[in-house]
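One-letter residues, chain by chain:
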Amino acid sequence: MWLAPSTICICLSLLAARARRSSLIHLLPATPPATPYGQIGPYDFPAIMNPLTGEVATDPTLLDHRPLAVKIVNEPACARPQYGLNHAAVVFEHYVEAWGTRLTAIFYGEAAGKLGAVRSARLINLELPAIFDAIFVFSGSSAGVKARLQAADFAGRVVASEWKATCPPLCRVPVETVPCADLEHTLFTTLPELWAQAAKLGLDQRPQLAGWAFNAAPSLDGQPAAAIHVGYVNSPVDWRYEADNGRYHRWQDGVRHVDAETRRRLSVSNVVVLFAHHVYSDIRESSNFYSLEIQFWGQGQALIFRDGQGVEAQWMRPARGGLFQLVDAAGRPVPLKPGRTW
């Protein structure tokens, strides 16, 4: 999982535990900027502060909406750039079968327009909506994943075509208007339409979120990390730190990654890499592949990148509901930089 700047965009890259960390992530030196001290969280956030970004909301009324976990395309390359990712508080980048990657973006506390393309669910999505008390938004799933979602504790918080969602909030555009020119990349939505649907279903309540700490001051224990390379099998990712704005900027497949609507670069305050076991399940996603189960429960190793530095940490998820924790070897919270996380 990876974390991004400005509003924390936690970008969680769930990498296979059997992969050697040294061969996947390579660091180059950087000089972090001077920033003031003062930790916020992990609990008792002010009512006007977003507990997923550590920032005061520009419009505090947006914090009264329930978070939205939206499944967004990331491969094939023709599906990039996507819409809306720079408005997500947190983005999870994770493997699917055949070792491609897909995104689950958590939208909370910020307004955004067009989002997508919206894609199908995977087994990791049995976990993420529970963590963020979110409404889960997606388009389709295999029969096995669908059965598990229908039995999930958040089954009443699903907006999907399989759950009889119509347009709005899930609307298709003409095939000839999308770069891949195929039907599966034509489904889009917007935050206002999703909020309206949530209110209609009686689901649009403010969540109780806490557990992450934030500090604008860089870590005193970090190692230089101006560039991060994540060796995803089919589409490797690079994050490059820019000291003038204090953010990591994203490249994929060697191409600068931007937002489709604004053409602005995707950038974040934090990039967080979470290591978790990856196991093939007995659910078929196609005639050739089984669904990949990312076992994101319990605890595991983590790497946290911010301010051009990297620190080792652990992620801990002691309960199904509520935010997982990022802690050091002594169990103390490792603070993120205020802003988005990928």
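Engineer: Which residues make up the packing of aromatic side chains, and what are the values?
Structural biologist: Enumeration over the complete set of coordinates arrives at 14 aromatic pairs. Judged by centre distance (5.7 Å) and plane angle (90°), the rings of Tyr83 and Phe188 are edge-to-face. Placement of Tyr83 in the loop between strand S7 (68-72) and strand S8 (90-95) and of Phe188 in strand S14 (residues 187-190) is noted, with a sequence separation of 105 residues between them. On the basis of an interplanar angle of 90° and a centroid distance of 4.7 Å, the ring pair of Tyr95 and Trp99 is categorised as edge-to-face. Accessibility assignment for this pair places Tyr95 and Trp99 in one class, buried. Members of the aromatic cluster, joined through ring pairs, are Phe92, Phe132, Trp212, Phe296, Trp315 and Phe324. Between the NZ or CZ atom of Arg240 and the centre of the ring of Trp251, over which it lies, the distance is 4.0 Å.

Engineer: Any details on unusual backbone geometry? Residues and values, ideally.
Structural biologist: Cis geometry is found at the peptide bond from Gly41 to Pro42, where omega equals 15°. As for its position among the elements, Pro42 is in the loop between strand S4 (39-40) and strand S5 (49-50). Cis geometry marks the peptide bond from Arg80 to Pro81, where omega comes out at 5°. If you check the backbone angles, Trp99 has positive phi at about 65° while not being a glycine.

Engineer: Provide a residue-level description of the sheet that holds strand S10 (residues 114-116), including the pertinent values.
Structural biologist: Pairing between the strands of a sheet comes from backbone hydrogen bonds, and it takes one of two forms, parallel or antiparallel. Strand order in the open sheet made by the 3 strands is S10-S14-S13, with antiparallel pairing throughout. Each edge of the sheet is formed by a strand with only one pairing partner; in this case those strands are S10 and strand S13 (171-172). Bridge analysis of S13 against S14 gives 2 bridges, and the strand direction is antiparallel. Each residue of the ladder has a partner; that of Cys171, found in S14, is Phe188. In this fold helix H4 (residues 191-200) packs onto S10 and S14, with an angle of close to 75° to the strand it touches most, S14.

Engineer: Before we move on, could you go through the nonpolar core and cite the residues and values that matter?
Structural biologist: In terms of nonpolar packing, the biggest core is built from 49 residues, with Leu68, Val70, Phe107 and Tyr248 touching the most fellow members. Ranked by residues supplied to this core, first place goes to H4 with 4 residues. Sequence-distant contacts of Phe107, defined by excluding residues within four places in its chain, comprise Pro67, Leu68, Val70, Ile72, Gly84, His87, Ala88, Leu115 and Leu191. Core analysis: the next-biggest nonpolar cluster, separate from the first, contains 47 residues, Ala57, Leu123, Ile304 and Phe324 among them.

Engineer: Any details on the pairing of strand S19 (residues 247-252)? Residues and values, ideally.
Structural biologist: Taking burial as the measure, the 6 residues of S19 include 5 buried ones, the bulk of the element. Alignment of strand S18 (residues 237-242) against S19, held across 6 bridges, turns out to be antiparallel. What sits directly across from Glu242, in S19, is Arg247. What sits between the antiparallel neighbours S18 and S19 is a turn of 4 residues, in which Gly246 has the positive phi angle 70°. Sheet topology note: the S19/strand S21 (residues 267-268) ladder contains 2 bridges and is antiparallel. Looking at S21, one finds that Tyr248 is bridged to Val268. Looking at chain direction, S19 and strand S20 (residues 255-256) are connected through 2 bridges and run antiparallel.

Definitions and limits used
Residues numbered from 1 in each chain as written. Predicted model: local features only at pLDDT ≥ 70, side-chain atom pairs only at ≥ 80, totals over all residues. Heavy atoms only, no water. Phe/Tyr/Trp six-rings, centres within 6.5 Å; stacked < 30°, edge-to-face > 60°. Helix = DSSP H or I, 4+ residues; strand = E, 2+ residues; numbered from the N terminus. Buried < 20%, exposed > 50% of the residue type's maximum accessible area, 1.4 Å probe, protein only. Lys NZ or Arg CZ within 6 Å of the ring centre and 35° of its normal. Pairing = 2+ DSSP bridges. Contact = heavy atoms within 4.5 Å. Axes fitted to C-alpha atoms, helices over the stretch in contact; angles between N-to-C directions. Core = buried A, V, L, I, M, F, W, Y, C linked by side-chain atoms within 4.5 Å.

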